[in-house]
Structure formats: structure tokens, C-alpha cells
Amino acid sequence: MSADTATPSASRPAPRPRAKHAPRTPWVLMYHSVAEFTDPAEDPYGITVTPTALEEQLLWLRSRGLRGVSVAELRAARAAGHGAGLVGLTFDDGYTDFLSGALPLLRRYECTATVFVLPGRLGTDNVWDPLGPRKPLLTAEDVRRIAAAGQEIGSHGLLHQDLTTAPDDVLEQELSGSREALREITGTAPAGFCYPYGTVDRRVVEAARAAGYAYAVAIDPGRLGGAYAMPRTHVSQADGAARLRVKRLRHRARYLLGAAS
């Protein structure tokens, strides 16, 4: 389906009845870059999905009575007791292609997302990925455009460093310094933080809390899971309906009795 021909007013299937027991930990999907590519060598880290694949994944969510939203919107809805049909959508690193590859589809399907950006690398590229092709990163003006479009802006730190190995002064700068830098760009201090590489330990969790964030996301935080280490499900180009269904079932089974966020 073309993004140019789909319309927001297209009829939606009725939401499926909510399961008697739902996971206490929300399902949050993790994306990175949304761009065209044909050769797997162009994506050695598995961080790129094509716009066509993203559209099919958003349509799959719709077919299940689900809608993708930013983490802030998801948390607010769950706190109010009506977040059952919502799934978190996150885009790490702040690639420029979010504007062309993802944002038009999010608008078309009435979704929102959280974009975690690196204010210390605005306008540069993904230098931390030595094997992958260079992908340009958002500029400050791009970040303002995304915020003005109703998407949530979160921090990914300043420079994309593993915070579990960072000295205390670097850790504070990556957390508090990046938050202040984004406040200067958008006029609002970000509520959310995304740990680079998904790595986290208790010291980093406590530092994120102390820096004033309302929540933080990881990948698989184990016993640290909670509001400051929310687990996420990586979504790849290969994730069609069958794989997404398995990933959703796996999340529900794993977090049925998980910590509330």
C-alpha cells in the first residue's frame, strides 16, 4: 500500500476484546532508521526498516485493534486506566530519515512516537557504528519540526556512549547535559531518556532518576525493569505479521506479572 494513497479515514477494524489479564509492563517497539535499502550489507546492525515495511507493521497493529503512540502518551493513558489498545513506538538515534520515512506514515495512521536524539551529535552522522554506512542525524531545526508535528522528543545522551562504563562526571553530563540541551532546542525538557546500546545498571538507573527524567527505556533490563528501565522489543525489516505476533505473545507471557511502569 502506498503512503500516498492510504487515508486516515479508512475504516478501522473494531478493537479486539481485551484479554482478561494484560501485562503490567506496556509493549514498546524499538525502531531506528526508516529508509530504502536492498543489500543486507547496507544494514549490518539490523537497524533499518523500509517505509513499506513500517507501513505494513503499522497496519498489522491496526488489524489487532492497536495504535502506536509515544511513550509519554502511553504512560499517561495507562495512568488514567485506558491504555489497553496502545503500543509504544520509539525511534533511537535521531536519523534524518525519520522526517521522510516515518513521520508521513505516523500521521497517516494517526500514530505518534518518541524520537530519542543525541544533542551532542546534531547534524553529524552515526560515527558509533563502524561497520555500517554513514546515516545523517537530525539538526536542531529538524528536532523542532518533529516536536511541532506532535511527536515526543526524548534524550539519547549527548554522544551515544555506554553509560555503564562512564565516570560519574561523564554520566551526569550525558544525562543532565543532554536534557538541558534539548530544553534549549525545543523549549521543553524531555521527560524520557534512552540508554545508548540499551545497556544499564543500577547506578545509571538512579542517575537517570536524579537527572529529572520521568522514565527511561532500555532493551532487556532484567530485574532493573520498571519506569526507569522499560523493556522494548526490537523491530526489524524481517518482522512481518507472524513474527510480530510471536513477539507480542512473548512480551505478554514474560511481563504478565512484571513490574508496573
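Our structure's up above, just so we're on the same page.
Predicted, not measured: the structure shown is a model, and the values here were computed from it. (Residues numbered from 1 in each chain as written. Predicted model: local features only at pLDDT ≥ 70, side-chain atom pairs only at ≥ 80, totals over all residues. Heavy atoms only, no water.)

A. Up close: the overall build of the protein. Assigned secondary structure in the protein consists of seven helices and 10 strands. Per-residue burial over the protein gives 49% buried out of 261 residues. Taking the intrachain contacts of the protein between residues at least 6 apart in sequence as the baseline, contacts between residues at least 24 apart amount to 67%. Surface accessibility of the protein: about 11,900 Å² in total, with carbon and sulfur atoms responsible for 53%. (Helix = DSSP H or I, 4+ residues; strand = E, 2+ residues; numbered from the N terminus. Buried < 20%, exposed > 50% of the residue type's maximum accessible area, 1.4 Å probe, protein only. Contact = heavy atoms within 4.5 Å. Areas by Shrake-Rupley, 256 points an atom, 1.4 Å probe, with all protein chains shown as cover.)

B. Fine view of helix α7 (residues 241-255). End to end, α7 covers 21 Å across 15 residues, agreeing with the expected 21 Å (1.5 Å per residue, within 8%). Taken residue by residue, α7 has Leu244, Lys247, Arg248, His251 and Tyr255 as its buried positions. Looking straight down α7, one finds its buried side chains confined to an arc of 100°; they lie on one side. Exposed residues lying more than 90 degrees from the buried face of α7 are Ala242, Arg250 and Ala253. Those residues of α7 that are buried are in contact with α1 (51-63) and β10 (233-234). (Expected span 1.5 Å × (residues − 1). Arc of directions from axis to C-beta.)

C. Examining the packing of aromatic side chains more closely. In total, this model carries five aromatic pairs according to the counting rule given. Judged by centre distance (5.1 Å) and plane angle (15°), the rings of Tyr31 and Phe91 are stacked. Note that Tyr31 is positioned in strand β1 (residues 28-31) and Phe91 in strand β5 (residues 86-93), a separation of 60 residues in sequence. The exposure class of Phe91 is buried, given its relative accessible area of 1%. Joined through ring pairs, the aromatic side chains of Tyr31, Phe91 and Phe98 make up one cluster. Over the face of the ring belonging to Tyr213 we find Arg179, whose NZ or CZ atom lies 5.3 Å from the ring centre. (Phe/Tyr/Trp six-rings, centres within 6.5 Å; stacked < 30°, edge-to-face > 60°. Lys NZ or Arg CZ within 6 Å of the ring centre and 35° of its normal.)

D. View of the pairing of strand β7 (residues 152-155). On β7, burial covers both faces: Glu152 and Gly154 on one face and Ile153 and Ser155 on the other are all buried. As paired elements, strand β6 (residues 114-117) and β7 share four bridges and run parallel to each other. Of the residues in β7, the one forming a bridge with Phe116 is Gly154. What joins β6 to β7 is helix α4 (residues 140-148), and the crossover it makes is right-handed. (Pairing = 2+ DSSP bridges. Right-handed = clockwise from strand over helix to strand, strands pointing away.)

E. Here's a closer look at the packing of α1 against helix α3 (residues 97-108). Where α1 meets α3, the axes come as close as 10 Å, and the angle between the chain directions of the two elements is 25°. Classified by the interaxial angle, the pair formed by α1 and α3 is roughly parallel. At the point where α1 passes α3, the crossing takes the right-handed sense. For the pair α1 and α3, the contacting residues are Pro51, Leu54, Glu55 and Leu58 in the first and Gly101, Ala102, Leu105 and Leu106 in the second. Of the residues that constitute the contact of α1 with α3, the class distribution is six nonpolar, one polar and one charged. (Axes fitted to C-alpha atoms, helices over the stretch in contact; angles between N-to-C directions. Parallel < 35°, antiparallel > 145°, perpendicular 65-115°, else oblique. Left-handed = near helix turned anticlockwise from the far one by under 90°. Nonpolar A, V, L, I, M, F, W, Y, C, P; charged D, E, K, R; others polar.)

F. Local environment of the nonpolar core. The biggest cluster of nonpolar side chains holds 33 residues, and the ones touching the most others in it are Leu58, Leu61, Leu89 and Phe91. Residue assignment for this core shows that the elements contributing at least two residues are β1, α1, β5, α3, β6, α4 and α5 (168-186). Among the elements that line this core, the one with the most residues is α3, at six residues. Residues within four places of Leu58 in sequence aside, it is in contact with Leu89, Leu105, Leu106, Tyr109 and Cys111. (Core = buried A, V, L, I, M, F, W, Y, C linked by side-chain atoms within 4.5 Å.)

G. Layout of the environment of Val127. By the secondary structure assignment, Val127 is in the loop between β6 and α4. Here the alpha-carbon distance between Val127 and Leu159, two residues 32 residues apart in the chain, equals 9.5 Å. Leaving out residues up to four positions away in the same chain, Val127 has contacts with Arg121 and Arg134.

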